[in-house]
Amino acid sequence: MKNFIYHNPTELIFGKGQIARLSTLIPADKRIMITFGGGSVKRNGVYDQVVAALAGRDFVEFWGIEPNPSVETLRKAIALGKERKVDFLLAVGGGSVIDGTKLIAAGLLYDGDAWDIVLKGKAEHTVPMATVLTMSATGSEMNSGAVISRYETKEKFAFYGNYPVFSILDPETLFSLPTRQIACGLSDTFVHVLEQYMTTPGQSRLMDRWAEGILHTIVEIAPRALAEPRDYDVMSEYMLGATLGLNDMIAMGVTQDWATHMIGHELTALHGLTHGATLAIVINGTLRTLREQKHGKLLQYGERIWGITEGSEEERIEQTLARTEAFFRSLGLSTHLSEEGIGEETIAEIERRFNAQGVHYGEAGNVDGAMARRILEACR
Ligand code: NZQ
Ligand code: ZN
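For clarity, every value in this text was computed on a predicted model and none was experimentally measured.

Trainee: Is there a simple way to think about the layout of surface pockets in this case?
Mentor: The rolling of a water-molecule-sized probe over the atoms marks out the regions of remaining empty space. Its volume calculated, the second largest pocket comes out at about 220 Å³. Lining the second largest pocket are 13 residues; nearest its centre among them are Phe4, Ile5, Ala251, Met252 and Gln256. In terms of residue class, the lining of the second largest pocket is made up of seven nonpolar, four polar and two charged.

What follows is the structure, given as structure tokens:
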């Protein structure tokens, strides 16, 4: 195992009816800004629960953080927050609202343009923030990452901000999710685990088995979450599974990949394709292209997750790749770029961007522009 420091300060508050605790969780003297997306919370009753819990408190609302939050919108929130001297942020929504709020938290204490913070990759000072989660996928409710888009230039980059002070996870908030959002959330969770697991074997039995536990659970609950999104127990497992998939817990002391995500972000930036949908395509290209490098782990994953034990090693890996792709298809997601009308022009642009940035992603640092092209060609 590699050396590591683990410190996740987010308090997790899980279960039905927990939104009512908001008033006691946020200190009484705080000037609060509550941030929202496009209005789903007004239709499913979450907004009413939040304002009821905070009745009589000093808060201002900011609406309109879009899926794949843009710096253009977030600059407006930062200006409003500065004007009102906001010193506590409450994000009510999915990963986009939470990520956007992480940039607001940093922007409130920064004099320059918020995009500088994204480009620096790390926020220096932040105002405390908390979340009421309504869409499970990103783990943003219990990690410090945030991914921000700049629509003007069709760019999308990640930076590290603050961990939420607390996050309220009430599985009933997920009951109103459209099937496609659930599919994308399951895909995102599955790939988060693979990014931290599908590297080289023998680094940590503990991390491997925690990761495999989440993968198993997602495979098991996926058909039920899609068919019965109002089943409290199923949605509870989905919600907690997504949080545990990206809250630093399964990454202790092991190498990580993340190349699939970095390529996926480019597909979203260039085509607006939903995050989880980009991953359902790219992961197949990554696993095929890097099958030699990931050989040992692919065999372990094939056996432990999909029960594949028959045939030569190459045959087992072939079956494992097929089962993985079939899983994403079972969610109703595309697994080839062509199904989304994406072709050579985009592949060339991603290759160009990676070369221009001089990036080397992946656990072996070998995913550069040329490798990104090979990966994308393998899932064309
Ligand atoms: O905007 P509203 O009206 O609220 O609608 C949202 C949005 O249209 C809707 N929605 C959310 N909760 C709902 C609901 N609809 C009905 N009922 C509910 N309970 O769902 C749509 C998508 O929401 P969004 O927040 O965009 O989804 P998600 O949570 O998947 O977040 C995606 C963003 O997070 C980033 C992605 O790149 C993308 O920008 N990620 C953040 C990460 C992190 N911070 O650690 C890691 C991830 O890998 C990911 O990159
Ligand atoms: Zn993701």
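From this point, the narrative continues.
Trainee: Please explain the domain arrangement of the chain as it appears in this structure.
Mentor: In many analyses, interface size is given as the accessible surface area lost on bringing the parts together. Domain assignment breaks the chain into domain 1 (11–173) and domain 2 (179–377). With centres defined by C-alpha atoms, the gap from domain 1 to domain 2 works out at 27 Å. Contact with domain 1, which involves 26 residues of that partner, is made by 23 residues of domain 2. Both faces considered, domain 1 and domain 2 share a buried interface measuring about 2000 Å² in area, 60% of it formed by carbon and sulfur atoms. For the domain 1 face of the interface with domain 2, the top three residues by lost area are Ser136, Lys154 and Lys156, together amounting to 26%. The interface formed by domain 1 and domain 2 contains zero salt bridges. In this structure, the connection of domain 1 to domain 2 is made through seven residue pairs in polar contact (both at pLDDT 80 or more). Listing elements by their share of the side of domain 1 that touches domain 2, those giving two or more residues are strand S1 (11–14) and strand S7 (155–160). The dominant element in the side of domain 1 that touches domain 2, judged by the number of residues it contributes, is S7, at three residues. Counted by class, the side of domain 1 that touches domain 2 contains eleven nonpolar, eight polar and seven charged residues.

Trainee: How do you make sense of the coordination of the zinc ion (ligand 2) when you look at a structure like this?
Mentor: By definition of the ideal shapes, a tetrahedral metal site with four donors has angles of 109.5 degrees and an octahedral site with six donors has angles of 90 or 180 degrees. Protein coordination of the zinc ion (ligand 2) is provided by Asp188 (OD), His192 (NE2), His261 (NE2) and His275 (NE2), with donor distances spanning 2.0 to 2.1 Å. One chain supplies every donor to the zinc ion (ligand 2), and in sequence these donors are spaced D-x3-H-x68-H-x13-H. Here aspartate 188, found in helix H7 (residues 179–197), pairs with histidine 275, found in helix H11 (residues 275–289); they are 87 residues apart in sequence, far enough to count as distant. For aspartate 188, a relative accessible area of 2% translates into the label buried.

Trainee: Explain empty space enclosed by the protein to me, please; I cannot follow it from the model alone.
Mentor: Evaluation of the coordinates by the stated rule reveals three cavities of 30 Å³ or more. A volume near 50 Å³ is recorded for the largest cavity. Those elements giving two or more residues to the lining of the largest cavity turn out to be H7 and helix H8 (205–227). With three residues, H8 is the single largest residue contributor to the lining of the largest cavity. Taken together, the residues that form the lining of the largest cavity break down as five nonpolar, five polar and two charged.

Trainee: What is the right way to read the pairing of strand S4 (residues 88–93) from this model?
Mentor: Remark: a regular strand shows side chains that alternate across the two faces of the sheet. Taking burial as the measure, the six residues of S4 include six buried ones, the bulk of the element. Residues Phe88, Leu90 and Val92 point to one face of S4 and Leu89, Ala91 and Gly93 to the other, with burial holding for every one of them. Relative to S4, strand S2 (residues 32–35) runs parallel, the two sharing four bridges. Residue pairing for S4: methionine 33 is matched across the bridge by leucine 89. Pairing geometry for S4 and strand S5 (residues 129–133), over five bridges, is parallel. The residue of S5 that forms the bridge with leucine 90 is alanine 130.

Trainee: So what exactly am I meant to see when it comes to the pairing of S2 here?
Mentor: The alternating pattern of S2 places Ile32 and Ile34 and Met33 and Thr35 on opposite faces, both of which are buried. Pairing between S2 and strand S3 (residues 59–62): four bridges, direction parallel. Opposite isoleucine 32, over in S3, you have phenylalanine 59 as the bridge partner.

Trainee: When you look at the site of ligand 1 in this model, what are you seeing that I'm missing?
Mentor: Neighbouring residues of ligand 1: 33 residues in total, closest Gly38, Ser40, Gly95, Ser96 and Lys156. Contacts to ligand 1 include aspartate 99, whose side-chain N or O atom sits 2.8 Å from a nitrogen atom. Threonine 173 is positioned such that a nitrogen or oxygen atom in its backbone is 2.9 Å from a nitrogen atom of ligand 1. Protein contacts shield 89% of the accessible area of ligand 1, which totals 950 Å² for the unbound molecule. Tallied by class, residues from the shell around ligand 1 come to nine nonpolar, 21 polar and three charged. When residues of the shell around ligand 1 are sorted by domain, at least three fall in each of domain 1 (11–173) and domain 2 (179–377).

Trainee: Could you clarify how one ought to interpret the environment of threonine 101 in this entry?
Mentor: Tracing the chain through its elements places threonine 101 in helix H5 (residues 95–107). For threonine 101, a relative accessible area of 0% translates into the label buried. Between the C-alpha atom of threonine 101 and that of glycine 253, which follows or precedes it by 152 residues, the distance is 29 Å.

Definitions and cut-offs
Residues numbered from 1 in each chain as written. Chains lettered and ligands numbered in written order. Predicted model: local features only at pLDDT ≥ 70, side-chain atom pairs only at ≥ 80, totals over all residues. Heavy atoms only, no water. 1 Å grid on protein atoms, 1.4 Å probe; cavity = no way out; pocket = protein on both sides within 12 Å on 5 of 7 lines; lining within 4 Å. Points joined across faces, edges and corners; volume = space filled by probe spheres on them. Nonpolar A, V, L, I, M, F, W, Y, C, P; charged D, E, K, R; others polar. Domains from an automatic or database assignment. Contact = heavy atoms within 4.5 Å. Buried area = accessible area lost by both parts, 1.4 Å probe. Salt bridge = Lys/Arg side-chain N within 4 Å of Asp/Glu carboxyl O. Polar contact = N/O pair within 3.5 Å; in protein donor to acceptor, adjacent residues only side chain to side chain. Helix = DSSP H or I, 4+ residues; strand = E, 2+ residues; numbered from the N terminus. Donors = N, O, S within 2.8 Å, 3.2 Å for Na, K, Ca; no water. Buried < 20%, exposed > 50% of the residue type's maximum accessible area, 1.4 Å probe, protein only. Pairing = 2+ DSSP bridges. Near = heavy atom within 4 Å. Areas by Shrake-Rupley, 256 points an atom, 1.4 Å probe, with all protein chains shown as cover.

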